[in-house]
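# Notes for the structure review
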Amino acid sequence: MDNTPVANKENRSLEALQFTLKRQDDQSKALQEVITAVIDVKDEMVEMRDETKREIKAMRDDNKISRRQASKLKTTVGKKSAQLVARLFGKHVSSELFTAKMGHMTRGIYTKLGIKFDVASYLDVRHIDFEQAINFVDGLGLEDFEDYQLRITDKQAEIATKHGDDIAFLMED
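Here goes a summary of the coordinates provided. Note that residues are indexed from 1 along each chain, following the sequence as it is written. In keeping with the predicted nature of the model, local features appear solely for residues at pLDDT of at least 70, side-chain atom pairs appear and are counted solely at 80 or more, and the whole-chain, interface and lining totals rest on all residues. Only hydrogens and water are set aside; all other atoms, that is, all heavy atoms of the structure, feed into the side-chain values.

### Section: the overall build of the chain
We count it as follows: Secondary structure follows DSSP: runs of H or I at least 4 residues long count as helices, runs of E at least 2 residues long count as strands, and numbering of each begins at the N terminus. The reference for a compact globule is 2.2 Å times residues^0.38; the radius of gyration itself is calculated from the C-alpha atoms. When a residue's accessible area, from a 1.4 Å probe over protein chains only, is under 20% of the maximum for its type it is buried; when over 50% it is exposed; and in between it is partly exposed. Contacts were defined at the residue level, with two residues in contact if any of their heavy atoms lie within 4.5 Å.
Counting its regular elements, the chain contains seven helices and zero strands. Against the 2.2 N^0.38 benchmark of 16 Å for 173 residues, the chain shows a C-alpha radius of gyration of 39 Å, more extended than a compact globule. Principal-axis analysis of the C-alpha atoms gives the chain an extent of 135 × 25 × 25 Å. By residue count, 28% of the 173 residues in the chain fall in the buried class. Within the chain, contacts between residues separated by at least 24 positions form 73% of all contacts whose residues are at least 6 apart in sequence.

Structural data, given as structure tokens:
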């Protein structure tokens, strides 16, 4: 049998319980500090993630077309210009007249492209607008141009006369 007085045993039990509660309280405070630190780090990480997303979006939005894309866009403009000039004349004309009018039409297409995409040069078209720019050029028709853009210039009329090209139907107003 244990000869320790009952009160002494109860005190030790209470002291042990008190010690355990104090340790739990200390552990709780330490865990709360860790949780607060984790929350702070999480908030910083979320802020960094959002800032990174904004920067990537800004870079993507400001990124201009690549050289390969510029070449493709230039080729598309050239083909569309040739199609429109062939449609405008509607018959065979001298290659010099065709080329002169094609240059005129090409400038008109680039002007329309610049207005549509708010750029000074087709090289300034944003990368994310590339496909839209190609589709825009592909979709152009003679009806999209003003009369002054379709007119025969004095130089073109001179070329037509030199080669005997009949363009009288385009000279009438």
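The structure having been displayed, the exposition proceeds.
### Examining the side chain of H104
In this structure, H104 sits in helix α3 (residues 95-117). Contacts of H104, omitting those with residues within four sequence positions, involve Y148, Q149, R151, T153 and Q156.

### Digging into the packing of helix α2 (residues 67-89) against helix α4 (residues 130-138)
Under the convention used in this document: Note on definitions: angles span 0 to 180 degrees between N-to-C directions of axes, and those axes are lines fitted to C-alpha atoms, for helices only across the stretch in contact. Convention used here: angles under 35 degrees read as roughly parallel, angles over 145 as roughly antiparallel, angles from 65 to 115 as roughly perpendicular, and any remaining angle as oblique. In this classification, Asp, Glu, Lys and Arg are treated as charged, Ala, Val, Leu, Ile, Met, Phe, Trp, Tyr, Cys and Pro as nonpolar, and every other residue, Gly included, as polar.
Running from N to C, α2 and α4 point in directions that differ by 10 degrees, and their axes come no closer than 9 Å. Put simply, α2 runs roughly parallel to α4. Together, Q69, K72, L73, T76, V77 and K80 of α2 and F130, A133, I134, V137 and D138 of α4 make up the contact between the two elements. For the contact of α2 with α4, the class distribution of residues is six nonpolar, two polar and three charged.

### Quick word on α4
Threshold: Note that the arc is defined by the directions from the helix axis to the C-beta atoms.
Among the residues of α4, F130, A133, I134 and V137 are the ones counted as buried. Projected down its long axis, α4 carries its buried residues within an arc of 100 degrees, all on one side.

### Digging into unusual backbone geometry
The backbone phi angle of D118 is positive, close to 55 degrees, even though this residue is not glycine. Relative to the helices and strands, D118 resides in the loop between α3 and α4.

### A short note on the packing of α3 against α4
Rule in force here: The handedness criterion is simple: a crossing whose near helix is rotated anticlockwise from the far helix by less than a right angle is left-handed, and one whose near helix is rotated clockwise is right-handed.
Look at α3 against α4: their axes get within 11 Å of each other, and the N-to-C directions meet at 135 degrees. In terms of orientation, α3 and α4 fall into the oblique class. Handedness of the crossing formed by α3 with α4: right-handed. Where α3 abuts α4, its residues I109, K112, L113, K116 and F117 lie against Q132, A133, F136 and V137. When grouped by side-chain class, the residues that make up the contact of α3 with α4 number six nonpolar, one polar and two charged.

### Some words on a nonpolar patch on the surface
Note the cut-off: Grouping into patches uses exposed residues only, defined as over 30% relative accessible area, and leaves out salt-bridged ones; the cut-off is 9 Å for like charges and 5 Å for nonpolar side chains (Val, Leu, Ile, Met, Phe, Trp, Tyr). Note on areas: Shrake-Rupley with a 1.4 Å probe; residue coverage comes only from the protein chains shown. The working definition used for a salt bridge is a side-chain nitrogen of Lys or Arg within 4 Å of a carboxyl oxygen of Asp or Glu.
A grouping of L14, L17 and L21 is seen on the molecular surface, where their side chains present a nonpolar patch of about 300 Å² in accessible area. Residue position: L14 is located in helix α1 (residues 6-62).

From the geometry alone we can't say anything about function, so treat these as descriptive.
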